[in-house]
Amino acid sequence: VIREAIRVVIGATLYALLMVVPACSPAATPEARGAQAAASARLVYNAAAVSVQALITVQTAWTDAIGASGDVELAKKVAPISAKSAAALDAASGAVARARQYLEAGEGEAKVRQQLREAVGFADVAVELLASAGRPLPDKAVEALDFLRGFLGETGGDS
Amino acid sequence: VSLAKALAFAADNADEIVDVAKLGVETVKAIHAWVNGDGPEPVELAAAPDTTRMKLSQARLERLAASGGTGGA
């Protein structure tokens, strides 16, 4: 169930980003480009928010399952790793939340993108940790996060 | 934890997992409609990720690790 849900989310994310690229075409008028840039920032934010939430859901399902098992030895083994991935996802969530605040405040797109880049970086750390713990989803998640990072880097506007 | 237990948990929480997937699908639908001129420009922002349950679950796991064997469900 988790793998299928993640597959849907990742697919939706990639598709959303692919749809954003033509919307930012340089053929548009300056006014249209401005409106599209603002829209694309919102769309990339939404894609990042969905991806991070999906990872949080998987992380929670993982720790819930071990917590419910009552297996102390496994809990001792996993807790240090899951604590790190939870911290990374918490940081990613914080960066996404700041991006949302910037969007709502009408701040510059560069500030929004910088926060989203940070979110992707933290999420990538969580994926690495989840992969080291043998979670089944990281390959697909890494692909999506790589794509997000590349998109955010290429479309630029470092603050 | 056994794979069976993990899968059982996933099944028990399928609604929440599917909700996340639905959000992604709805986002794509809105974008697609906008790009094709069939819908308004997407202006709704998705909610920022919620880490509350994740933190509670991690805390429970750490209590189990420190418990000596009594931290089960």
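Residues numbered from 1 in each chain as written. Chains lettered and ligands numbered in written order. Predicted model: local features only at pLDDT ≥ 70, side-chain atom pairs only at ≥ 80, totals over all residues. Heavy atoms only, no water.

Asks: How would you explain the overall build of chain A if you had to name every residue and give the values?
Replies: The helix and strand inventory of chain A stands at 5 helices and 0 strands. Shown N-terminal to C-terminal, the secondary structure of chain A runs as helices and strands in the order α-α-α-α-α. Taken over 159 residues, chain A has a buried fraction of 51%. Partitioning the intrachain contacts of chain A with sequence separation of at least 6 by distance along the chain shows that 73% fall at a separation of at least 24. Total accessible area computed for chain A in this model is approximately 6400 Å², and 57% of it derives from carbon and sulfur atoms. (Helix = DSSP H or I, 4+ residues; strand = E, 2+ residues; numbered from the N terminus. Buried < 20%, exposed > 50% of the residue type's maximum accessible area, 1.4 Å probe, protein only. Contact = heavy atoms within 4.5 Å. Areas by Shrake-Rupley, 256 points an atom, 1.4 Å probe, with all protein chains shown as cover.)

Asks: Kindly report on the overall build of chain B, identifying the contributing residues and their values.
Replies: Helix and strand counts for chain B stand at 3 helices and 0 strands. Split into buried and exposed, the 73 residues of chain B put 33% on the buried side. Taken as a whole, chain B presents about 4300 Å² of accessible surface, with 57% of it coming from carbon and sulfur.

Asks: Give me the lowdown on the pattern of salt bridges, citing residues and values where you can.
Replies: Following the criterion strictly, the structure yields 6 salt bridges over all chains and no others. Here D64 of chain A ties to R53 of chain B by a salt bridge, and the two come within 2.6 Å at their closest N and O atoms. Of the two residues, D64 of chain A sits in helix α2 (residues 30-69) while R53 of chain B sits in helix α3 (residues 52-67), which places them in two different chains. R100 of chain A is the partner of E104 of chain A in a salt bridge, and the nearest nitrogen-oxygen pair spans 2.5 Å. Of this pair, E104 of chain A and R100 of chain A both sit in helix α3 (residues 72-105), separated by 4 residues, roughly a single helical turn. (Salt bridge = Lys/Arg side-chain N within 4 Å of Asp/Glu carboxyl O.)

Asks: Account for the confidence of the model for chain A, with residues named and values stated.
Replies: Residue and element names in this part refer to chain A. Predicted confidence across chain A gives a mean pLDDT of 74, with 60% of residues reaching 70 or more. Across chain A, the element-wise mean pLDDT spans from 56 in helix α1 (residues 2-23) up to 93 in α3. This stretch, residues 154-159, has a pLDDT under 50; its non-local contacts, to residues over four places away or in other chains, come to 11 contacts. (pLDDT = per-residue confidence, 0-100.)

Asks: Please provide a residue-by-residue account of the packing of α3 of chain A against helix α4 (residues 109-132) of chain A, values included.
Replies: Residues and elements named next belong to chain A. At a minimum axis distance of 8 Å, the contact between α3 and α4 shows a crossing angle of 165°. What the angle tells us is that α3 and α4 run roughly antiparallel. In terms of crossing hand, the pair formed by α3 and α4 is left-handed. (Axes fitted to C-alpha atoms, helices over the stretch in contact; angles between N-to-C directions. Parallel < 35°, antiparallel > 145°, perpendicular 65-115°, else oblique. Left-handed = near helix turned anticlockwise from the far one by under 90°.)

Asks: So, α4 of chain A: which residues are in play, and what are the values?
Replies: Compared with the 34 Å implied by 1.5 Å per residue over 24 residues, the 35 Å span of α4 of chain A between its first and last C-alpha is a close match. Directly after α4 of chain A, the chain includes G134 of chain A, whose backbone phi takes a positive value near 80°. (Expected span 1.5 Å × (residues − 1).)

Asks: How would you explain α3 of chain B if you had to name every residue and give the values?
Replies: Because each turn of an α-helix spans 3.6 residues, side chains separated by three or four positions end up pointing in the same direction. Residues and elements named next belong to chain B. Its 16 residues give α3 an end-to-end C-alpha distance of 23 Å, which sits within 8% of 22 Å, the value for a rise of 1.5 Å per residue. Looking only at α3, the buried set comprises M54, S57, Q58, L61, L64 and A65. Buried residues in α3, looked at end-on, bunch into an arc of 120°, giving them a common side. Of the exposed residues in α3, those oriented more than 90 degrees away from the buried face are L56, R63 and A66. (Arc of directions from axis to C-beta.)

Asks: I'd like a rundown of the nonpolar core, residues and numbers included.
Replies: Ranked by internal contacts, the top residues of the largest apolar core, which has 25 residues, are Y45, V52, L89, V96, L103, V112 and L116 of chain A. Sorting the residues of this core by element identifies α2, α3 and α4 of chain A as the ones contributing at least two each. Setting aside chain neighbours within four positions, we find L89 of chain A in contact with V52, L55, I56, Q59 and A126 of chain A together with T51 and M54 of chain B. Counting 11 residues, the second largest nonpolar core, distinct from the first, contains V72, L74 and V78 of chain A together with L61 of chain B. (Core = buried A, V, L, I, M, F, W, Y, C linked by side-chain atoms within 4.5 Å.)

Asks: Outline the confidence of the model for chain B, supporting the account with residue identities and numerical values.
Replies: All names here are of chain B. Looking at chain B as a whole, the pLDDT averages 69, with 38% of positions reaching at least 70. Mean pLDDT values for the elements of chain B range from 54 in helix α1 (residues 3-12) up to 95 in α3. Model confidence for the complex: the whole-complex pTM is 0.67, and ipTM, which rates the interface, is 0.71.

Asks: Account for the environment of T51 of chain B, with residues named and values stated.
Replies: Examined against the element boundaries, T51 of chain B turns out to sit in the loop between α2 (14-35) and α3. For T51 of chain B, a relative accessible area of 10% gives the class buried. Here D90 of chain A takes part through its side chain, which lies 3.5 Å from a polar atom of the side chain of T51 of chain B. (Polar contact = N/O pair within 3.5 Å; in protein donor to acceptor, adjacent residues only side chain to side chain.)

Asks: Break down the packing of α3 of chain A against α3 of chain B for me, citing the residues and quoting the values.
Replies: Helix packing for two helices is described by the angle between their axes and how far apart those axes are. Running from N to C, α3 of chain A and α3 of chain B point in directions that differ by 150°, and their axes come no closer than 8 Å. Classified by the angle between their axes, α3 of chain A and α3 of chain B sit roughly antiparallel to one another. Both α3 of chain A and α3 of chain B take part in a crossing whose hand is left-handed. On α3 of chain B, the residues that touch V72, A75, K76, V78, A79, S82, A83, A86, L89 and D90 of chain A of α3 of chain A are M54, K55, Q58, L61, E62, L64, A65 and S67 of chain B. Across the contact of α3 of chain A with α3 of chain B, the residue classes tally to 11 nonpolar, 3 polar and 4 charged. (Nonpolar A, V, L, I, M, F, W, Y, C, P; charged D, E, K, R; others polar.)

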